[in-house]
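This is what each chain is made of:
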Amino acid sequence: MGDCGRVGVAVDFSSCSRKALKWAVDNLLRDGDHLILVTVRPQGHYESGEIQLWETTGSPLIPVSELTDPHIMKKYEVNPDPETLDIITTAARQKQITVIMKIFWGDPREKLCESIDKIPLDCLVIGNRGLGKIKSRAIMGSVSNYVVNNATCPVTVVKSHD
């Protein structure tokens with residue numbers, strides 16, 4: 001990819017992940033870069049044979065044109081919200097970046113760290129719901145805290161005060 005950067009953003013289509021995505025678009029992405037949305041779905045008993053194949057390696061790379069197609073997203077059991085889709089389509093057009101998504105199934109902490117090497121990523125941006133100090137360590141902060149401490153690339157945590 002030459003001089004192009006591979007910027008990963010962990011997305012679960014919550015307001016926190018939209019804030020992290022917006023931050024990455026505004027502060028990290030340059031013309032020609034690749035924005036990779038990394039989504040982790042819960043591990044489960046899926047009927048789809050394709051999803052069973054992808055549980056260990058993750059989905060194929062999904063281009064932005066397919067991200068905006070609800071029929072294709074249903075196949076992956078992902079439902080991108082309109083605001084996230086607007087952020088990525090606007091960024092792709094204005095900054096001339098390539099936007100793709102990769103979906104993993106399993107524990108978000110482990111799969112986000114795995115995605116860094118499997119894709120591979122130059123950096124990862126992740127949101128944090130900004131719960132209180134005690135709750136943060138025990139509940140939500142566990143994902144971002146784990147990723148910061150175990151990732152093999154720079155990680156930026158974007159705090160949300162929703």
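Higher on the page you've got the structure.
The rules behind these values
- Residues numbered from 1 in each chain as written.
- Predicted model: local features only at pLDDT ≥ 70, side-chain atom pairs only at ≥ 80, totals over all residues.
- Heavy atoms only, no water.
- Helix = DSSP H or I, 4+ residues; strand = E, 2+ residues; numbered from the N terminus.
- Buried < 20%, exposed > 50% of the residue type's maximum accessible area, 1.4 Å probe, protein only.
- Areas by Shrake-Rupley, 256 points an atom, 1.4 Å probe, with all protein chains shown as cover.
- Polar contact = N/O pair within 3.5 Å; in protein donor to acceptor, adjacent residues only side chain to side chain.
- Contact = heavy atoms within 4.5 Å.
- Pairing = 2+ DSSP bridges.
- Axes fitted to C-alpha atoms, helices over the stretch in contact; angles between N-to-C directions.
- Parallel < 35°, antiparallel > 145°, perpendicular 65-115°, else oblique.
- Nonpolar A, V, L, I, M, F, W, Y, C, P; charged D, E, K, R; others polar.

Peer 1: Looking at this model, I keep getting lost on the overall build of the protein. Mind explaining?
Peer 2: Helices and strands together make up the secondary structure of the protein, namely eight helices and six strands. Secondary structure elements in the protein, listed N-terminal to C-terminal, are β-α-β-α-β-α-α-α-β-α-β-α-α-β. Expressed as a percentage of the 162 residues in the protein, the buried residues total 47%. Entry remark: accessible area of the protein is about 8,600 Å², with carbon and sulfur atoms responsible for 51%.

Peer 1: Mind showing me how you'd approach the side chain of Asp 81 here?
Peer 2: Turning to its location among the elements, Asp 81 is positioned in the loop between helix H4 (70-75) and helix H5 (82-95). Polar contacts involving the side chain of Asp 81 include one to the side chain of Arg 18, which spans 3.2 Å. At a separation of 2.6 Å, a polar atom in the side chain of Asp 81 contacts the side chain of Thr 84. When neighbours within four sequence positions are excluded, Asp 81 is seen to be in contact with Phe 13 and Arg 18.

Peer 1: I'm lost on the environment of Asp 86 in this one. Help?
Peer 2: Tracing the sequence through the fold places Asp 86 in helix H5. For the pair formed by Asp 86 and Thr 68, sequence separation is 18 residues and the distance between their alpha carbons is 9.5 Å.

Peer 1: Quick question: what am I supposed to make of the environment of Thr 57 here?
Peer 2: When you line up the elements, Thr 57 lands in the loop between helix H2 (49-54) and strand E3 (62-63). Owing to a relative accessible area of 45%, Thr 57 belongs among the partly exposed residues under this scheme. Along the chain, Thr 57 and Lys 111 lie 54 residues apart, while their C-alpha atoms are 9.8 Å from each other. Not counting the four nearest positions on each side in its chain, Thr 57 is found in contact with Lys 102, Phe 104 and Lys 118.

Peer 1: Got a minute to help me understand helix H6 (residues 108-118) in this structure?
Peer 2: Since the α-helix turns once every 3.6 residues, residues separated by three or four places project in the same direction. Looking at H6, one finds that the buried residues are Lys 111, Leu 112, Cys 113, Ser 115 and Ile 116. Of the residues that open H6, the one with a side-chain oxygen 2.8 Å from the backbone nitrogen of Arg 109 is Asp 107.

Peer 1: Help me understand unusual backbone geometry in this model?
Peer 2: Glycine aside, negative phi is the norm for most residues, and most peptide bonds take the trans geometry. Cis peptide bonds are those with omega within 30 degrees of zero, and the linkage from Ile 119 to Pro 120 qualifies with -15 degrees. Topologically, Pro 120 is positioned in the loop between H6 and strand E5 (123-128). The backbone phi angle of Phe 13 is positive, close to 70 degrees, even though this residue is not glycine.

Peer 1: Sorry, what's going on with the pairing of E5 here?
Peer 2: Regular strands place side chains that alternate from one sheet face to the opposite one. Burial of E5 is extensive: six of the six residues sit out of reach of the surface. Burial along E5 is two-sided: the residues Cys 123, Val 125 and Gly 127 and Leu 124, Ile 126 and Asn 128 are all buried. Where strand E1 (residues 6-10) meets E5, three bridges bridge the pair, whose relative direction is parallel. The partner of Gly 8 across the bridge, within E5, is Leu 124.

Peer 1: Teacher, can you tell me more about the packing of helix H1 (residues 15-27) against H5 here?
Peer 2: In a packed pair of helices, the relevant descriptors are the angle between the two axes and the axis-to-axis distance. Taken N-terminus to C-terminus, the directions of H1 and H5 make an angle of 10 degrees; their axes are 10 Å apart at the nearest point. The angle between H1 and H5 places the two elements in the roughly parallel class. Taking contact as the criterion, the partners of Arg 18, Leu 21, Lys 22 and Val 25 in H1 are, on H5, Glu 83, Thr 84, Ile 87, Ile 88, Ala 91 and Lys 95. A class-by-class count of the residues in the contact of H1 with H5 yields five nonpolar, one polar and four charged.

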